[in-house]
Structures are given as structure tokens and as C-alpha cells.
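# Inside the fold
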There are 2 protein chains.
Amino acid sequence: MEREELFEKISVKNEKRIVLIVLDGLGGIPYLEGKTELEKAATPNLDRLAKEGSCGLSIPISYGITPGSGPAHLSLFGYDPLKYEIGRGVLEALGLGMEITKEDVAVRGNFATIESGIITDRRAGRIPTDMNRDLILLLSKNIDEINGVKVILKSGREHRFALLLRGKGLSDEVSDGDPQKEGLPQKFPEPLSNRGRKTAEIASKFVKLTEEILKDKRPANTVLLRGFSLYPELPSMERMFKLNPAAIATYPMYKGLARLVGMKILDSGEKVEDEIETLKSNWEKHDFFYFHVKKTDSYGEDGNFHKKVELIEKFDSLLPEILSLKPDVLVVTGDHSTPAKMKSHSWHPVPFLLKSDYSFDDGLRGFNERECKKGSLGIFHALDVMALMLANSQKLEKFGA
Amino acid sequence: MEREELFEKISVKNEKRIVLIVLDGLGGIPYLEGKTELEKAATPNLDRLAKEGSCGLSIPISYGITPGSGPAHLSLFGYDPLKYEIGRGVLEALGLGMEITKEDVAVRGNFATIESGIITDRRAGRIPTDMNRDLILLLSKNIDEINGVKVILKSGREHRFALLLRGKGLSDEVSDGDPQKEGLPQKFPEPLSNRGRKTAEIASKFVKLTEEILKDKRPANTVLLRGFSLYPELPSMERMFKLNPAAIATYPMYKGLARLVGMKILDSGEKVEDEIETLKSNWEKHDFFYFHVKKTDSYGEDGNFHKKVELIEKFDSLLPEILSLKPDVLVVTGDHSTPAKMKSHSWHPVPFLLKSDYSFDDGLRGFNERECKKGSLGIFHALDVMALMLANSQKLEKFGA
């Protein structure tokens with residue numbers, strides 16, 4: 001029996017509420033004073049939960065695999081990220097807050113520099129984001145549709161943008177229109193199969209149209225298109241887990257990921273305090289809340305150990321407000337590790353804690369990587385997090401008699 | 001390579017004896033005085049084994065999944081319960097001690113109440129078991145076969161019974177003949193495919209015949225038939241593991257499960273003492289003994305913490321008699337957890353201990369959930385228990401050169 005079938009079969013609806021708090025990139029490795037960020041941070045509330053609840057370490061994908069945010073979140077949401085791949089174009093568009101439909105092909109774009117047919121700079125000298133916005137505005141004004149297919153553009157940072165082609169009969173079976181190296185001739189998107197023919201033709205037309213419009217805009221006088229991808233078909237959380245889920249997140253990418261699995265996206269403001277207000281005011285309306293805190297990851301990526309520690313401490317100080325809602329199941333974890341020492345995502349297992357009426361009291365001395373290793377949940381796959389949350393809220397019936 | 005193929009290839013026969021003791025529903029969660037049943041129980045013999053042997057926690061199916069007895073036992077016997085599904089009808093019939101053959105379709109039945117075509121009580125007011133027996137006797141006398149297919153009936157408790165249809169060309173591709181809710185019109189079993197046509201027809205005829213026979217027996221004046229299922233085809237333990245296995249169990253369901261995988265069912269009496277006598281008198285005849293103690297689960301289901309503790313203590317006091325046989329491999333574990341606090345099966349990992357000449361001495365302070373977590377075996381899948389037992393009795397050859 002497949003996982004999906006099993007959950008559809010045994011999941012049931014009830015009144016109990018689950019809160020899944022994801023501190024992005026939470027995990028760390030020993031760094032300053034030989035401590036991880038969580039070991040350094042003063043977190044009395046998390047420490048108390050680590051004493052009274054069940055802890056462990058979760059592996060986002062598998063040992064040694066460093067995940068991007070997309071796959072790492074899919075795991076936490078109960079979707080096998082090796083089965084449900086999210087294309088690069090879709091992730092880019094989600095990250096920019098675009099609403100993707102099932103009629104779309106999503107594509108990542110770069111502004112680039114071309115000279116006599118040769119790509120001389122794949123990033124157009126990393127033009128300022130403001131200039132990017134002006135160029136996208138210009139392109140949007142001039143290109144509305146191609147061969148009856150709607151063209152939707154959105155600026156990203158520096159040279160990056162996303163493109164949605166919306167219409168019937170589109171396909172992701174199209175190669176990247178990118179020579180990959182500078183100094184090589186321009187490359188147009190090409191069909192990888194008959195089904196990709198229409199999309200490749202439209203995409204190539206789009207490149208030619210932009211070159212006409214941008215001919216005086218050097219260094220941004222062409223575009224490279226990559227990562228053609230369709231909106232992935234995921235069974236909704238409602239269907240698979242019988243949940244009525246909501247997402248509280250401040251960054252577009254995470255809202256987009258949540259929308260992919262059928263969560264309602266709540267208006268969450270900018271700060272953690274705003275997110276907590278959102279949680280409170282929507283408490284009665286949903287039985288599952290995904291609560292995302294972004295900046296732990298951003299500080300990890302910056303290598304800013306102290307700022308990451310500070311943010312963890314700040315979250316800890318706000319945690320009692322969430323606890324006061326008395327969730328039936330509370331989970332605090334990360335989607336992956338982002339050790340400040342590495343300035344990047346990493347493969348290291350992620351501290352995890354769960355508190356419910358049916359959890360063990362692990363009696364740990366704190367909430368961090370080394371203590372969580374001693375917890376009753378052991379080292380386990382993030383893909384099992386959803387089953388644990390559902391079980392602890394009694395939303396799973398017995399399998400077999 | 002499939003698991004089955006691997007074991008067939010590397011398993012070998014030898015003189016060593018394995019005893020797998022399953023205390024049904026053994027695992028618990030913190031409850032009275034913050035202790036689990038095992039933490040509360042005084043178990044000097046188990047504690048000594050936890051000091052001298054290897055311990056761990058086993059996951060019956062996967063994190064968060066609460067198993068029924070069928071799937072949980074299949075795991076312990078080395079059969080993936082997600083691959084080998086046992087139908088509801090088969091489990092019911094096994095539970096009532098019926099011998100199922102490969103020509104049978106097994107079905108769960110309810111006596112029910114019908115009024116002018118409407119099912120008004122799906123359980124016929126939970127008629128007394130005695131009345132059920134009388135009705136089954138009456139039906140058995142009057143219905144011997146239908147369309148050349150043999151009809152075999154057996155009473156269960158209150159309104160429940162099992163039905164075997166025995167003959168050629170039967171199929172499990174038949175829908176439940178059950179409106180699921182009261183106040184709805186009667187529903188007959190229907191074929192889910194062409195193959196199910198014959199079975200559905202016979203089953204519907206059976207319902208009509210029972211209604212004629214029971215027309216004056218209100219509230220039990222009809223039957224609902226559900227869970228049409230075939231005898232599952234499992235490779236025998238002899239074939240897969242080269243074992244000559246025997247089962248010592250007092251309840252029909254567990255005897256039935258053991259029979260499914262080809263164990264010899266020994267006459268085991270009623271009490272744990274009887275079961276130990278059975279073990280002793282058959283010691284020379286088998287190299288694998290499955291030894292099942294039922295009531296730990298029953299007391300857990302009743303929420304009777306103290307009785308479960310008492311039974312664990314009683315088992316512990318009898319354990320030296322089993323040890324005196326000097327099994328080469330001794331395992332003590334449960335098939336799943338049944339915390340008295342929850343009054344039901346649960347998903348929590350199950351304490352596990354193994355003692356052999358090749359096990360580690362974990363030096364644990366006792367045999368319980370929290371100590372086992374620290375054991376050398378860690379948290380692992382129950383599906384791996386059989387390989388551990390075979391390995392520790394040197395019944396598995398090296399895989400590959």
C-alpha cells in the first residue's frame with residue numbers, strides 16, 4: 001500500500017488543533033565557544049518543553065542530503081520530496097509570490113548581455129533590482145500574449161525574474177535556453193518531445209520580442225529562460241489527512257509551498273509578533289497551523305551566529321503566547337539546518353520537539369542538537385512528522401484489525 | 001533484491017532455538033505517578049536481561065501509525081504488513097478460530113434489524129451472544145450451500161459472526177453490503193469487477209435466505225456482510241527462513257495469524273503457566289517458538305493500569321522457567337503499545353530485548369520504554385526483528401562475498 005493511500009484510509013477529522021512551528025534553518029553545528037546557536041541561546045520556554053515533551057532529531061531528506069526549502073517543507077508537510085518534485089520555475093514563481101494555476105508553465109528568467117549572437121554576461125552585470133523592475137514593466141506593457149498564450153512576468157532580485165505562460169496545451173518538456181557558460185552562442189529553448197513544441201516556440205518568440213524591446217538597454221539586452229515546469233499535482237492535505245490547514249508565513253516562497261498542498265494562506269504581517277496575532281485571531285477556524293519564522297535561516301546564511309541566537313531567544317520569549325492557546329499538539333522544529341559556521345543550508349539533522357497529552361516527558365536539559373539526540377523520538381525522517389502530529393491529535397485510526 | 005529473496009538465499013538451518021515472547025500491547029506511556037506500566041512493575045528477571053542483553057525500541061509499522069494485531073504480528077514474523085494485507089473478513093474468521101483454505105472468501109457479518117427495506121439497527125440491539133449462537137445454528141441447519149458453494153458460519157460476540165464461502169471461482173472484489181448508517185435502505189453486496197460477480201450473487205442470495213429464516217426473529221431479522229477477503233498468500237516461514245516454527249497462543253486470532261505464516265499451532269491451554277508447559281514439552285520438536293501472552297493488551301484496552309502491571313510482574317516471575325530451557329536466542333517484546341492511559345492500541349515504540357551469545361550487554365537499569373531507548377539496538381522497525389533473531393542464532397549466512 002502506498003503512503004498516500006494509507007493516510008487517506010486511516011485519517012479522521014476531529015476538533016483537536018495542531019501547531020507546527022518551523023524556525024527556518026534552525027539546526028546548527030558547533031561554532032563559537034564550541035556551541036551551536038541553540039546551545040548558545042537562552043531559551044527557558046523551549047527548554048521546559050524539552051523537559052516535558054518528546055524530542056528527537058529529524059532528517060529532512062536522508063543522511064547527508066542538504067535540502068532546499070521546497071523539498072524540506074514538503075517532507076514536514078507529509079509529502080515525499082523525492083516523489084513530488086517541484087520544478088525550478090515553479091519554485092522561483094512561488095518565491096516571488098505569483099499565483100500559479102494548472103494551465104501554467106513557470107520559467108526562471110535572467111536578464112543577460114548579448115553581443116553579435118554571443119552571450120557575454122549571463123547575469124547582465126547583476127543589474128540593480130530597481131532597473132530590473134523598470135525593465136519588467138516595459139516588457140509587460142509590450143508583451144501581453146504570444147500565439148494566444150498569456151505572458152505574466154514578475155521581477156526578482158538583481159537580474160532574476162519569473163515568467164508564467166498561461167494557456168492550453170503547454171508543456172514542461174522544453175530545454176533550458178541558456179548556453180550555461182559565457183562566450184558561447186545564444187541558445188533558444190527547444191522541445192524535448194512533440195508535446196514541448198508549442199511551448200518552446202512561444203518561449204523562443206518571447207526571447208526575440210524582448211531583444212527588440214531591450215535593444216538599447218545593454219547590459220540587459222536579452223534574457224535566458226530555464227527550468228520550465230508545471231504546477232505539481234499534489235494530493236491536498238484535506239484529502240490526504242482530512243485537515244483544514246492554514247499557513248502563517250511572511251515570505252512568498254513559503255506561502256506558495258503551503259498553497260501547493262492546499263493550505264489557506266493567512267494574512268500574516270511582517271514580524272513574529274504579527275504572526276502570533278494572526279494565529280490567535282484564526283484559532284477557531286482551522287485544525288492545523290503551519291507557523292513559519294524565516295530569519296533564523298537568513299542569519300545562518302549570513303554567517304551571523306549572534307543574530308541567529310538573538311532571534312531564537314526572541315522567539316522563545318514569545319512562545320508562551322502560543323502556548324496560551326493550548327494547542328493539542330505543538331511541534332517546534334526547523335525545515336533543515338543552516339549553521340552560521342557554514343553560511344548555507346546543511347544536511348545535519350534538525351532539533352525536533354513535540355508536546356501533547358500522549359507524548360513522553362523526556363526530561364532533557366535543554367532544546368538543542370545534542371540534547372534532542374537523547375530524546376525519546378530518536379533520529380527519524382522528517383517525512384514522519386505529519387504522522388506523529390496526526391497520531392498525537394488522535395486523527396489516525398488503527399491500521400488493520 | 002526483494003527482502004523475501006534475500007532471506008531465502010541466506011537463511012540456513014541449524015540446531016539453535018529461538019523463543020519470541022510477545023506480551024501483547026506491552027508498551028505504555030507515562031500515566032500513574034508519571035510512570036509507564038513497565039516502569040511501575042517490579043520485574044527483577046526482565047531487568048537482569050536488560051542489563052545483560054541488548055535492548056531497543058521497535059516501531060511496528062512506521063512512526064505515528066497505530067497497528068491492529070494482524071499487521072503488528074506480521075511485522076514481528078518478518079512480513080511487511082503494507083505488502084501483505086490481511087482482509088477484515090479473514091481476520092474476523094481467524095479470530096473466531098475458523099480454518100480458512102485457499103478456496104475461501106471470508107466475510108464479517110452482523111445481525112441487524114430491517115423494517116420495510118430500511119436498516120433500523122446495524123447491530124440488532126447487540127443481541128446476547130447466546131442468542132447469536134442459536135441463530136447461527138438455525139442458519140447453518142438451513143443453509144448448507146448456495147450455487148454449489150459451501151456456506152460455513154461461526155458465531156462471534158453479540159451481533160457479530162463470520163462467514164466462509166468455499167468453492168471455485170470466488171473473489172474478494174465485492175463491495176460491502178452495508179448502508180453504513182441506520183435509517184438507510186438495505187444494501188446488497190455488489191461486484192466491484194466481473195470477477196466478483198459470482199461471489200456477490202451468492203452473498204446476496206445468502207442475505208435473502210437468512211431473511212426468510214429469521215423473519216420472526218426481530219431484532220435479528222437480517223444480516224450485513226462486509227470485508228470480503230481471500231486467504232492471503234504468504235511465503236511460509238519454512239520457505240523464507242528455513243525454520244520449523246511453532247505457536248503457543250491461547251486466543252484464536254493469534255493462532256490464526258501464526259497459521260497464516262505456516263507455524264504449527266500447539267495446544268496451549270488457557271494460562272501463561274499452561275503455555276510454559278507447552279513450551280517445555282515441545283522443546284525438542286521445533287527451532288522457533290512464538291509465545292503469545294494476550295492479557296497485557298486486554299488490561300491496557302480496559303484502562304486497567306494495575307492489572308497490566310500485575311500481569312507483567314506475574315510473567316516476570318515465570319520467566320526463569322523459560323530461561324531454564326536455555327534458548328539460544330530469547331526475545332521479549334510486544335506487538336504494539338496499548339497504554340492504559342489511552343485505553344487503546346497506540347503508535348508508541350515498543351520495548352524490545354534480545355539475549356544471545358552474540359548480544360551486547362547494555363547494562364540498562366531496567367526493562368522499560370525509557371531505558372530501552374538507551375539500548376544498543378536503538379529505535380528500529382519491527383520488520384527487522386526476525387533478521388535479528390536469525391542472525392543471533394547464526395541462521396543467516398553472509399550476504400555477498
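Everything here concerns the structure above.
To keep things clear, this report deals only with the structure shown in the data block. All of these numbers come straight from a predicted model, not from anything done at the bench.

Below, the discussion takes up the overall build of chain A. Broken down by element type, chain A carries 14 helices and 15 strands. Computed over its C-alpha atoms, the radius of gyration of chain A comes to 23 Å, within 12% of the 21 Å expected for a compact globule of 401 residues. With respect to the principal axes defined by its C-alpha atoms, chain A has extents near 70 × 50 × 40 Å. Looking at chain A residue by residue over its 401 residues, the buried ones come to 58%. A separation of at least 24 residues holds for 74% of the contacts in chain A among residues at least 6 apart in sequence. Put simply, chain A shows about 16500 Å² of open surface, and 48% of that area lies on carbon and sulfur atoms. Measuring between centres, the 58 positive side-chain charges of chain A sit 1 Å from its 60 negative side-chain charges.

Before going further, it helps to spend a moment on the interface of chain B and chain A. Taken residue by residue, the interface counts 28 residues in chain B and 29 residues in chain A. For the pair chain B and chain A, the summed buried area comes to about 2300 Å², and 63% of that belongs to carbon and sulfur atoms. By the criterion of area lost to chain A, the three top residues of chain B are Tyr63, Leu82 and Trp347 of chain B, representing 27% of everything that side buries. Run the count over chain B and chain A and you get two salt bridges. Among the ionic pairs, Arg370 of chain B bridges to Asp361 of chain A, the shortest N-O distance being 2.8 Å. Our count for the chain B to chain A interface comes out at eight residue pairs in polar contact (both at pLDDT 80 or more). At the level of elements, α4 (69-77), α5 (88-95) and α13 (369-373) of chain B are the ones that each hand at least two residues to the side of chain B that touches chain A.

Moving on, we get to the side chain of Asn368 of chain A. Residue and element names in this part refer to chain A. Its place among the elements puts Asn368 in the loop between β14 (350-355) and α13 (369-372). Side-chain polar atoms of Asn368 contact the backbone nitrogen of Glu371, separated by 2.8 Å. Other than its neighbours up to four places away in sequence, Asn368 contacts Leu38, Glu39 and Pro351.

Time to look at the sheet that holds strand β11 (residues 264-265) of chain A. Strand order in this open sheet of eight strands is β11-β10-β12-β1-β13-β14-β2-β15 (chain A), and the pairing throughout is mixed. Each having just a single partner strand, β11 and β15 (378-381) of chain A make up the two edges of the open sheet.

Attention now moves to helix α10 (residues 272-281) of chain B. An α-helix turns once every 3.6 residues. As a result, residues three or four positions apart point the same way. If you check which residues of α10 of chain B are buried, you get Val272, Glu275, Ile276, Thr278 and Leu279 of chain B. Taken around the axis of α10 of chain B, the buried residues stretch over an arc of 155°, which confines them to a single face.

It is worth spelling out helix α14 (residues 385-392) of chain B at this point. When we look at burial in α14 of chain B, the residues that qualify are Val385, Met386, Met389, Leu390 and Asn392 of chain B. The first or second residue beyond α14 of chain B is Gln394 of chain B, which carries a positive phi of 55°.

Residues and elements named next belong to chain A. Between helix α10 (residues 272-281) and helix α12 (residues 305-323), the least distance of the axes is 11 Å, while the angle of their chain directions is 15°. Between α10 and α12, the angle is such that the two are roughly parallel. In the crossing of α10 with α12, the sense of the turn from one axis to the other is right-handed. Residue-level contacts link Val272, Glu273, Ile276, Glu277, Leu279 and Lys280 of α10 to Lys314, Phe315, Leu318, Glu321 and Ile322 of α12. Classifying every residue of the contact of α10 with α12 gives six nonpolar, no polar and five charged.

These two copies of the chain differ by a rotation about an axis and a displacement along the same axis. Mapping chain B onto chain A leaves a residual RMSD of 0.2 Å; the transformation is a rotation of 122° accompanied by 0.2 Å of translation along its axis. In symmetry terms, the pair is related by a three-fold rotation axis. Comparing interface residues between copies, only 7% of those in chain B also sit at the interface in chain A, which points to a heterologous contact through distinct surfaces.

About the criteria used
- Residues numbered from 1 in each chain as written.
- Chains lettered and ligands numbered in written order.
- Predicted model: local features only at pLDDT ≥ 70, side-chain atom pairs only at ≥ 80, totals over all residues.
- Heavy atoms only, no water.
- Helix = DSSP H or I, 4+ residues; strand = E, 2+ residues; numbered from the N terminus.
- Rg over C-alpha atoms; globule rule 2.2 N^0.38 Å.
- Buried < 20%, exposed > 50% of the residue type's maximum accessible area, 1.4 Å probe, protein only.
- Contact = heavy atoms within 4.5 Å.
- Areas by Shrake-Rupley, 256 points an atom, 1.4 Å probe, with all protein chains shown as cover.
- Lys, Arg positive; Asp, Glu negative; His and termini not counted.
- Charge placed at Lys NZ, Arg CZ, Asp CG, Glu CD.
- Buried area = accessible area lost by both parts, 1.4 Å probe.
- Salt bridge = Lys/Arg side-chain N within 4 Å of Asp/Glu carboxyl O.
- Polar contact = N/O pair within 3.5 Å; in protein donor to acceptor, adjacent residues only side chain to side chain.
- Pairing = 2+ DSSP bridges.
- Arc of directions from axis to C-beta.
- Axes fitted to C-alpha atoms, helices over the stretch in contact; angles between N-to-C directions.
- Parallel < 35°, antiparallel > 145°, perpendicular 65-115°, else oblique.
- Left-handed = near helix turned anticlockwise from the far one by under 90°.
- Nonpolar A, V, L, I, M, F, W, Y, C, P; charged D, E, K, R; others polar.
- Least-squares fit on C-alpha atoms with pLDDT ≥ 70 in both.

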